[in-house]
Amino acid sequence: MVYHGDGQPMTVGSLIPTSDHGFLLSGTVLRSANSNIYLKRYSSNLTVQWELELGSDQVEEFKYMKVLANGDIILGGYSSLSPDNIPSTSAKMYLYLVRISSIGKVVWEKHIDIDPNDNNYYEVRGTYHLLDITEKQNGELHVASAFETTEYLGTIGLSYCRGCYLATDGNGAVLKQFVMTAMPHAIDFVDNKTLILAHDPYDFLSGSFIGAVYYFNLQTGGTNNYKYLDTLDYRLSNSLPYGAVSSYRVHLGPNQLTTDFIRPDAIIRLNYSVDQNKTTVDVLSPPVEEILNINCLNGSHYLIQDSTGKIVLCDLNLNILKTISSSYFGYDITQLTDGSFVLAYPSKGSIRVIKLDPNGHLTD
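Per-chain numbering applies: the sequence of each chain, read as written, is numbered from 1 onward. Totals for whole chains, interfaces and linings use every residue, but because this is a predicted model, local features are given only for residues with pLDDT of at least 70 and side-chain atom pairs only at 80 or more, for both listing and counting. Note: side-chain values were computed over all heavy atoms of the structure, leaving out hydrogens and water.

Draft legend 1. Structural view of the pairing of strand β16 (residues 193–199). Counting buried residues along β16, six of its seven residues qualify, which places the element largely inside the surrounding structure. Whether two strands pair depends on DSSP finding at least two bridges between them. A run of H or I in DSSP becomes a helix once it reaches four residues, and a run of E becomes a strand once it reaches two; helices and strands are each numbered from the N terminus. The sheet contact formed by strand β15 (residues 183–190) and β16 spans seven bridges and is antiparallel. When the sheet's bridge partners are listed, A186 is paired in β16 with L197. Count of turn residues in the β15/β16 antiparallel hairpin: two residues, of which D191 carries a positive phi of about 50 degrees. Three labels apply to residues, based on accessible area from a 1.4 Å probe with only protein chains included: buried if under 20% of the type maximum, exposed if over 50%, partly exposed otherwise in between.

Draft legend 2. Structural context of unusual backbone geometry. Phi is positive for H21, close to 75 degrees, though the residue is something other than glycine. By the secondary structure assignment, H21 is in the loop between β2 (14–17) and β3 (23–31). According to the relative accessible area criterion, H21 is partly exposed, its value standing at 33%.

Draft legend 3. The arrangement of the sheet that holds strand β27 (residues 332–335) in detail. The strand order across the open sheet formed by four strands is β1-β29-β28-β27, and the pairing between neighbours is antiparallel. Edge positions in the open sheet fall to β1 (2–4) and β27, since each of these has one partner strand only. Geometrically, the sheet is characterised by an average inter-axis angle of 20 degrees between neighbouring strands, direction not taken into account. One ladder, built from four bridges, connects β27 with strand β28 (residues 341–346); its direction is antiparallel. Counted as the bridge partner of I333 is L343 from β28. The axes are straight lines fitted to the C-alpha atoms, using for helices just the contacting stretch, and the angles between their N-to-C directions are given from 0 to 180°.

Draft legend 4. Up close: the packing of aromatic side chains. Only centres within 6.5 Å qualify two rings of Phe, Tyr or Trp (six-membered ring in Trp) as a pair; their planes then separate them into stacked at under 30 degrees, edge-to-face at over 60, and tilted for everything else. A complete count under the given rule lists two aromatic pairs for this structure. Relative to Y302, the ring of Y248 has its centre 6.0 Å away and its plane inclined at 70 degrees; by these criteria the two rings are edge-to-face. Of this pair, Y248 sits in strand β19 (residues 246–250) while Y302 sits in strand β24 (residues 301–306); the two residues are 54 residues apart in sequence, bridging distant segments of the chain. For the pair formed by Y248 and Y302, the shared burial category is buried.

Draft legend 5. Seen up close, the sheet that holds strand β9 (residues 106–112). Read from one edge to the other, the open sheet built from four strands follows the order β6-β7-β8-β9, with strand pairing classed as antiparallel. The sheet terminates laterally at β6 (60–67) and β9, the two strands that pair on one side only. Strand-to-strand twist across the sheet, computed as the mean angle between neighbouring axes with direction ignored, equals 15 degrees. Both β6 and strand β7 (residues 73–79) contribute to a ladder of seven bridges, which runs antiparallel. Within β7, the position partnered with E60 by the bridge is S79.

Draft legend 6. Structural detail: the nonpolar core. Ranked by size, the top nonpolar core spans 19 residues in total, and within it L95, L97, I114, L130, I133 and V143 carry the most contacts. The set of elements that each furnish at least two residues to this core consists of β7, β8 (94–100), β9, β11 (129–135), β12 (141–153) and β13 (156–168). The residues contacting L97, other than those within four sequence positions of it, are L75, G76, W108, E109, K110, I112, L130, I133 and V143. Throughout, nonpolar core names a set of buried Ala, Val, Leu, Ile, Met, Phe, Trp, Tyr and Cys residues whose side chains join them through atoms within 4.5 Å. Any pair of residues with heavy atoms lying within 4.5 Å of one another is described as a contacting pair.

Draft legend 7. Representation of the pattern of salt bridges within the structure. The term salt bridge refers to a side-chain nitrogen of Lys or Arg lying within 4 Å of a carboxyl oxygen of Asp or Glu. Applying the stated rule across the entire model yields ten salt bridges. Note that R31 is salt-bridged to D6, the shortest N-O span being 2.9 Å. Of this pair, R31 sits in strand β3 while D6 sits in the loop between β1 and β2, placing them 25 residues apart in sequence. Since its relative accessible area comes to 24%, R31 is described here as partly exposed. For D6, a relative accessible area of 47% puts it in the partly exposed group. The partner of R249 in a salt bridge is D188, with the nearest N and O atoms 3.5 Å apart.

Draft legend 8. Structural detail: the pairing of β3. Burial analysis of β3 places seven of its nine residues in the buried class, the great majority of the element. Sheet analysis places β2 next to β3, joined by four bridges and oriented antiparallel. Along β3, the bridge assignment pairs L15 with L25. Sheet topology note: the β3/strand β4 (residues 34–42) ladder contains nine bridges and is antiparallel. Residue pairing for β4: V29 is matched across the bridge by N36. Connecting β3 to the antiparallel partner β4 that follows it, the hairpin turn spans two residues, and S32 within it adopts a positive phi of roughly 55 degrees.

Below you can see the structure in the form of structure tokens.
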């Protein structure tokens, strides 16, 4: 068990195991009235091998981390610094992407205006979601994000949710992008098609969330050239998957896009079949009474911790593979390549990192 920090408030964002039994930890650290993104690379014995703090003297918020095919790391979030390095004078935020080598060197960082052609709205801080980054074999990065905006009609401000899709080359240069009213959650590539799973964020008549799901076949060029493939109007107790703890794209088979929306008491699985052009939904009961935190390991297994501290490793159909008892809790949890477990959570201006052996016992 170790603590790392310098007394400033920190959040835990993501834990990802590395091939040498170590792991990556990233999140946000508060600096006065602003915030930055941090990234730490740990060895198997909880020693910090290298660390970075990324951002500026403006606001940067962590939302997403992924390891790419060549071992580089992509960090995603939002920044109040514009692509021209000009601080925002309003509530507007910009997409912030950073590519880092496996040895902790910044390859590039980009501030991207989500919708440069529309100046009628401002993006509201604190309500952003960067939900999936997928890498194509040619090195392109495809990004799905969502955010809340406020559009002003005279002096009246109307808040609503919007989604953003963009693709960049391996150097972060934007190839195409557009904003949609649907909220994207997952991106995948099937038969040279780029598919996006999204949902309609509001039912304006009732004021409640609804579960309409959209898929997009993105063509080359243009700003709004997507094809509407299928929809599913689905409700669960007058709420929809967006009210979930998190969402994960999982791997169940070829020619399909499957995303699980995680709620404390259920996992809502939406699966789009390319061959049948049809969406199905399953509601899976978790193997614990209440999901406290969850991590999808390589899109093929779930690691779940409940409110009692119990840790459950299960397959994608939620069949239990292993259960261990624990009195330790984390904001995030992962399993390392040696079978041990790591939990992390913020604690009084630092991050507490806990390692448990494969049987759930605290290691030195």
